[in-house]
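Observations on the model geometry
Residues per chain are reported as follows:
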Amino acid sequence: MTKYHLRPAYESKELLIKFTSRLENDNFISNLEAALAPLNTVFTGSEDLWMNDEVLVQAKCDLGAFEISIDHWGLAFLIARGNPRLINRIDSLLNENPIFEKELIDFENPELKHE
């Protein structure tokens, strides 16, 4: 099971999805693609940002484009800049999928601003 939470981005009120389980298997992208199938999601490319120790995966769907940043520690962030409707719809689809488990967080927690 892959755990995640919906949270504000760093130093921002814009929402993102942070996958909190270590992504140790190779099924993460295919599981995500299956969960987001109702949005007609297509993964369009990836970039190895070796200087940041991360891979950036680009995707598009019926509600717009988004990116997934996966770091070498096995953590990932799903970002849809300027598109809260898309983030909320993705959250809803993940929450309905048995492969993903949503962890609730306190949006007022000051530590979120520095995490």
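Residues numbered from 1 in each chain as written. Predicted model: local features only at pLDDT ≥ 70, side-chain atom pairs only at ≥ 80, totals over all residues. Heavy atoms only, no water.

Moving on, we get to the packing of aromatic side chains. This structure, assessed with the given rule, holds 5 aromatic pairs. Seen in terms of ring centroids, Phe43 and Phe66 are 6.4 Å apart; in terms of plane orientation they differ by 85°. Their pairing is edge-to-face. One end of the pair, Phe43, is in strand β3 (residues 42-49); the other, Phe66, is in strand β5 (residues 64-71), with 23 residues separating them in the sequence. Residue class for Phe66 comes out buried when judged on its relative accessible area of 2%. (Phe/Tyr/Trp six-rings, centres within 6.5 Å; stacked < 30°, edge-to-face > 60°. Helix = DSSP H or I, 4+ residues; strand = E, 2+ residues; numbered from the N terminus. Buried < 20%, exposed > 50% of the residue type's maximum accessible area, 1.4 Å probe, protein only.)

Across its 13 residues, helix α2 (residues 84-96) extends 18 Å between first and last C-alpha, which sits within 8% of the 18 Å expected from 1.5 Å per residue. By the burial criterion, the buried members of α2 are Leu86, Ile87, Ile90, Asp91, Leu93 and Leu94. All buried residues of α2 project into a common sector of 165° when viewed along the axis, lining one side. Seen from the buried face of α2, the exposed residues on the opposite side, beyond 90 degrees, are Pro84, Arg85 and Glu96. (Expected span 1.5 Å × (residues − 1). Arc of directions from axis to C-beta.)

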